[in-house]
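If you want the building blocks of each chain, they are given just below.
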Amino acid sequence: MMYDDKTKAAVQKIPLLSVKAGPRDGDWVERLKEELAALIQYVQNNKENDHDWFRIESNEDGTRWTGTCWYVHNLLRYEFKLQFEIPAGYPAVPIELELPELDGKTPKMYRGGKICLDIHFAPLWRTNVPKFGIAHALSLALGPWLAAEIPYLIEAGVVTHKGLAEPCQV
Amino acid sequence: MAWWDDGKGKGYSKGEKGYWERPPSGPSKGLPDYYGDGYHGYGPPPPPYPRSLGYGKGLTGPNGMGRPQSYGQEAGAKGGKDSQPRLRRPPSDPDLKDIPPPPLPVRMGKSGRGKRKDKEQAAEKGDMPRGAEKDSKEMPKQKSKDPQWKRKDDSGKEPQRGSAREKIDVMSAEVRDDNPYSRLMALERMGVVEEYQKIRHFSVLIVGIGGVGSVVAEMLTRCGIGKLLLFDYDKVELANMNRLFFRPEQSGLSKVEASVQTLRAINPDVEFEVFNLNITSPDNYELLLDRIQEGGLDEKRVDLVLSCVDNYAARMTINQACNELGQIWLESGVSENAVSGHIQTMIPGRYACFECAPPAVVAGGGDENAIKREGVCAASLPTTMGITAGLLAQATLKHLLKFGTVSNFLGYDALGDFFPSYSMAPNPECGSRQCRRRQQEWTDDPEEMMRKYCLPDVPGNAKEPEMKEESGAELHPDNEWGIVVEGSNEDTAPENKKEDVVVDTKGASVADLMASLKSLG
């Protein structure tokens, strides 16, 4: 298994969803409520574990999400814009997370800054429709992706720290 | 017996590089065993392949699909009468003196029958310029006057290099160097296709104009398809140059723009409609549905949707759209390591849909996670992509023009030189509601569905999926070893445990929840 125990433990504490509905379905509001509740729980869990690492919010109908995520490397905090859309076929179709600022900087990305998740994330998502939601996608897809890519990109000099070195509160 | 032949006729043995083994059947991934033998697909069954012609004593090996025994230099090196039968022997062979050589295949080129006649006539009338030497009786009036593909330089000048041709209203079967359709129309004379011109009434929607999609688009354009609708949101890059179709000077252009540039020049008769967008987002999905329903010629429904995309989300989106609309589509894919590919005919409710059985899992017969490679996202080869594109375009032509067999699944394994073909019944518990609805339609009235999807009614055209009963209990009544089939989710879903927390919205409204998520910062 490619996920470490820490990630697994974090994911297990995210509440599972039950409504199978996408933005085109009548039950979308119910699904959206579940998504929001799960996200709130996940952020709270992260804070408790001193591993707060993203903020997101959505537009009114919950189809477009924007926010930031950050990764701490050598006591420096690297922050990136995060955005994604809920696809029409959601949740059978997984969300595609975009880091627009990193577009073109790494091969592990599709055009437009979509991070490449097909290999490890899509199969996992597929077996967990409709139980997984946005919070699960962030923890299982974006988290490990940042952990794998950002240190490498920093070493390669592709990503540099913005502004003054801001010491991280550990 | 040759030094490399172990007498078993396998060609490769287990463990060797290139050895192909049928993936283990059985419901190891929680799917029923879809591998059946015999004929699958629709259309008349293919004629038996003459196995001993020029290729050794027949194909042997696992399932009769191994490498021919005569592979390599063996047949040629041995020579003599006891070697493999050859198609044509050199005239010096004393045995052949009294046997007349086989008739040569008729060529429809310059020395073809029609041309000679024309030439003779021309000779009678005196020298006539090419393009005027035509029998007016054989041709429709309008065309004999001024053939639409007539060269502008009939006066004797060399054709201007790089000049584009003009549009052609009606496809002609006339054999001429400057008729772009003569070789295609010859398919009728050869008895392969009944009415080739019909291709001009068909419209095909292609999602994904990459290594496979662009080549398929070119093939269909050259075949004179009526209309192509192209969807892609990517740009041409130098990293694409290991594949076919796009040229380095096109980098930076959107893929749809670059392809329509090239394709229009190749065949101005084809109509194009291109969309530089990602189909997965809700708005664009609506557009996709609309174009499937009304994007064809004369605002009719398109005749076929082709999926040439490289990711799961887009495939699932096409699957949903086509299940929703009851639209036949063809799936295609090339593996991450670039040495295998597949095409799949998707008839909603009749065959397994993409959500019933994602092909990578089924075809690989193993854990999809195992194909993960460190480093870049995927490898690609122009060869595998070109072959897959060829298979896909071929299936498109066969489906539209109704010739040959259109298999449900056709794989290509480059390492083992193997083309597995089988069909997959839909999953009655498919996650897609639309798929289950389509399955019900096929159960209720298969005849009506055959008409609805315009499927040829020929022997071998299974009105029901070809699979045997899958209800495991009856298959093995005496389960001596107490074998139990476990669900496939365990190793992939570590969080799917009993102590799982289930979400509770506590009756809050969306606005409340959004506000509290925001306030967490």
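Chains are numbered independently. Their residues run from 1 in the order of the written sequence. Labels follow written order: the first chain is A, the first ligand is 1, and so on. A pLDDT threshold of at least 70 governs which residues receive local features in this predicted model, and a stricter bar of 80 or more applies before side-chain atom pairs are shown or counted, although totals over entire chains, interfaces and linings include all residues. Heavy atoms throughout the structure, all of them, feed into the side-chain values; hydrogens and water do not.

**What to know about the overall build of chain B**
Reasoning step 1: Numbering of helices and strands runs from the N terminus, with a helix taken as a DSSP run of H or I at least four residues long and a strand as a DSSP run of E at least two residues long. Each helix and strand in chain B was counted, giving 14 helices and eight strands.
Reasoning step 2: The classification of residues rests on relative accessible area computed with a 1.4 Å probe and restricted to protein chains. Under 20% of the type maximum is buried, over 50% is exposed, and intermediate values are partly exposed. Every one of the 521 residues in chain B was classed for burial, and the buried ones make up 46%.
Reasoning step 3: Here the accessible surface of atoms and residues is derived via Shrake-Rupley with a 1.4 Å probe, and residues count as covered only by protein chains that are part of the display. Total accessible area computed for chain B in this model is approximately 28,800 Å², and 53% of it derives from carbon and sulfur atoms.

**As for a negative patch on the surface**
Reasoning step 1: Like charges within 9 Å and nonpolar side chains (Val, Leu, Ile, Met, Phe, Trp, Tyr) within 5 Å are joined into patches, using only residues over 30% in relative accessible area that form no salt bridge. For this analysis, a salt bridge means a side-chain nitrogen from Lys or Arg found within 4 Å of a carboxyl oxygen belonging to Asp or Glu. In this tally, Lys and Arg are treated as positive and Asp and Glu as negative; His is ignored, and so are the chain termini. In plain terms, the charge of a residue is placed at NZ if it is Lys, CZ if Arg, CG if Asp and CD if Glu. Side chains of Glu271(B), Glu294(B), Asp298(B) and Glu299(B) sit close together on the surface and give a patch of like negative charge.
Reasoning step 2: Note on placement: Glu271(B) falls in strand S3 (residues 271-275).

**Points about the packing of helix H5 (residues 213-222) of chain B against helix H10 (residues 382-401) of chain B**
Residue and element names in this part refer to chain B.
Reasoning step 1: Angles here are taken between N-to-C directions and fall from 0 to 180 degrees, while the axes themselves are lines fitted to C-alpha atoms, restricted in helices to the stretch in contact. Close contact between H5 and H10 brings their axes to 9 Å; oriented N to C, the two are set at 40°. Classified by the angle between their axes, H5 and H10 sit oblique to one another. The chirality of how H5 crosses H10 is right-handed. Along its contact with H5, which presents Val215, Val216, Met219 and Leu220, the element H10 presents Ala389, Gly390, Leu392, Ala393, Thr396 and Leu397. By the definition adopted for this analysis, an angle is roughly parallel if under 35 degrees, roughly antiparallel if over 145, roughly perpendicular if from 65 to 115, and oblique otherwise. By convention the crossing between two helices is left-handed if the near helix lies anticlockwise of the far one by an angle smaller than a right angle, and right-handed if it lies clockwise. Only heavy atoms enter the contact rule, under which two residues are in contact if any of them lie within 4.5 Å.

**Details of the interface of chain A and chain B**
Reasoning step 1: Opposite the 62 residues of chain A that make contact, chain B presents 55 residues.
Reasoning step 2: Buried area: the accessible area, evaluated with a 1.4 Å probe, that two parts lose upon being put together, summed over both parts. Buried area between chain A and chain B, summed over both chains or domains, comes out near 4,900 Å², and the portion from carbon and sulfur atoms is 61%.
Reasoning step 3: At the junction of chain A and chain B, the tally comes to four salt bridges.
Reasoning step 4: The salt bridge partner of Glu286(B) is Arg24(A), with a shortest N-O separation of 2.8 Å.
Reasoning step 5: Within 3.5 Å is the distance limit for a polar contact, defined as a pair of N or O atoms, with the added protein rule that one can donate a hydrogen and the other accept it, and that residues adjacent in sequence qualify only through two side-chain atoms. Where chain A meets chain B, there are eight residue pairs in polar contact (both at pLDDT 80 or more).
Reasoning step 6: Secondary-structure elements contributing two or more residues to the side of chain A that touches chain B are helix H1 (5-12), helix H2 (28-48), strand S1 (54-58), strand S4 (109-110) and helix H3 (121-126) of chain A.

**Notes on the UniProt feature "active site" (unreviewed entry) in chain A**
Reasoning step 1: As annotated in UniProt, the feature "active site" (unreviewed entry) corresponds to Cys116(A) in the numbering used here.
Reasoning step 2: On the secondary structure map, Cys116(A) appears in the loop between strand S5 (114-115) and H3. UniProt positions are given in the numbering used here, feature names are shortened, and annotations may be inferred rather than shown by experiment.

**Brief notes about helix H11 (residues 433-444) of chain B**
Quick reminder: α-helices carry 3.6 residues per turn. Residues three or four places apart thus point the same way.
All names here are of chain B.
Reasoning step 1: Helix length check: H11, at twelve residues, gives a terminal C-alpha distance of 17 Å against a target of 16 Å (1.5 Å per residue), a fit within 8%.
Reasoning step 2: Those residues of H11 that sit buried are Gln434, Cys435, Arg438, Gln439 and Trp442. Down the axis of H11, the sector holding all buried residues measures 145°, keeping them to one side. Pointing more than 90 degrees away from the buried face of H11 are the exposed residues Arg433, Thr443 and Asp444.
Reasoning step 3: Check the buried side of H11 and you find it contacts helix H8 (312-325) and helix H12 (446-452). Expected span of a helix: the number of residues minus one, times 1.5 Å. As used here, the arc belongs to the directions running from the helix axis to the C-beta atoms.

**Brief notes about the environment of His136(A)**
Residue and element names in this part refer to chain A.
Reasoning step 1: Looking at where histidine 136 falls in the secondary structure, it is placed in helix H4 (residues 134-155).
Reasoning step 2: Assessed through its relative accessible area of 0%, histidine 136 is described here as buried.
Reasoning step 3: For the pair histidine 136 and glutamine 12, spaced 124 residues apart in sequence, the C-alpha to C-alpha distance is 9.3 Å.
Reasoning step 4: Those residues within four positions of histidine 136 in sequence are excluded, and the remaining contacts are Val11, Ile14, Pro15, Leu16, Leu17, Lys131 and Ala141.

**As for the sheet that holds strand S2 (residues 64-73) of chain A**
Residue and element names in this part refer to chain A.
Reasoning step 1: We call two strands paired when DSSP finds no fewer than two bridges between them. In spatial order, the strands read S1-S2-S3; together these three strands make up an open sheet with antiparallel pairing. Looking at the sheet topology across the chains shown, the edges are occupied by S1 and strand S3 (76-85). Across the sheet, the mean angle from the axis of one strand to that of its neighbour is 15°, orientation sign disregarded.
Reasoning step 2: Relative to S3, S2 is paired through ten bridges, and the arrangement is antiparallel. Residue pairing for S3: tryptophan 65 is matched across the bridge by phenylalanine 84.

**Some remarks on the pattern of salt bridges**
Reasoning step 1: Throughout the structure, instances matching the rule amount to 22 salt bridges over all chains.
Reasoning step 2: Among the salt bridges present, the one from Glu57(A) reaches Lys518(B), with a minimum N-O distance of 3.4 Å. On the criterion of chain membership, the pair formed by Glu57(A) in strand S1 and Lys518(B) in helix H14 (residues 510-518) is interchain, its members lying in two chains.
Reasoning step 3: In this structure, the salt-bridge partner of Glu85(A) is Arg64(A), at a minimum N-O distance of 3.5 Å.

**Description of the sheet that holds strand S4 (residues 304-307) of chain B**
Backbone-to-backbone hydrogen bonds join strands into a sheet, with any given pair of strands oriented parallel or antiparallel.
Residues and elements named next belong to chain B.
Reasoning step 1: Taken in spatial order, the eight strands make up an open sheet running S3-S2-S1-S4-S5-S6-S7-S8, and their pairing is mixed. Two strands close off the open sheet at either side, each with one partner strand: S3 and strand S8 (421-422).
Reasoning step 2: With five bridges connecting them, strand S2 (residues 227-231) and S3 associate as parallel partners. Within S3, the residue paired with leucine 228 across the bridge is phenylalanine 272.
Reasoning step 3: Where helix H6 (residues 255-266) meets the sheet, its contacts fall on S2 and S3, and the angle it forms with S3 comes to roughly 170°.

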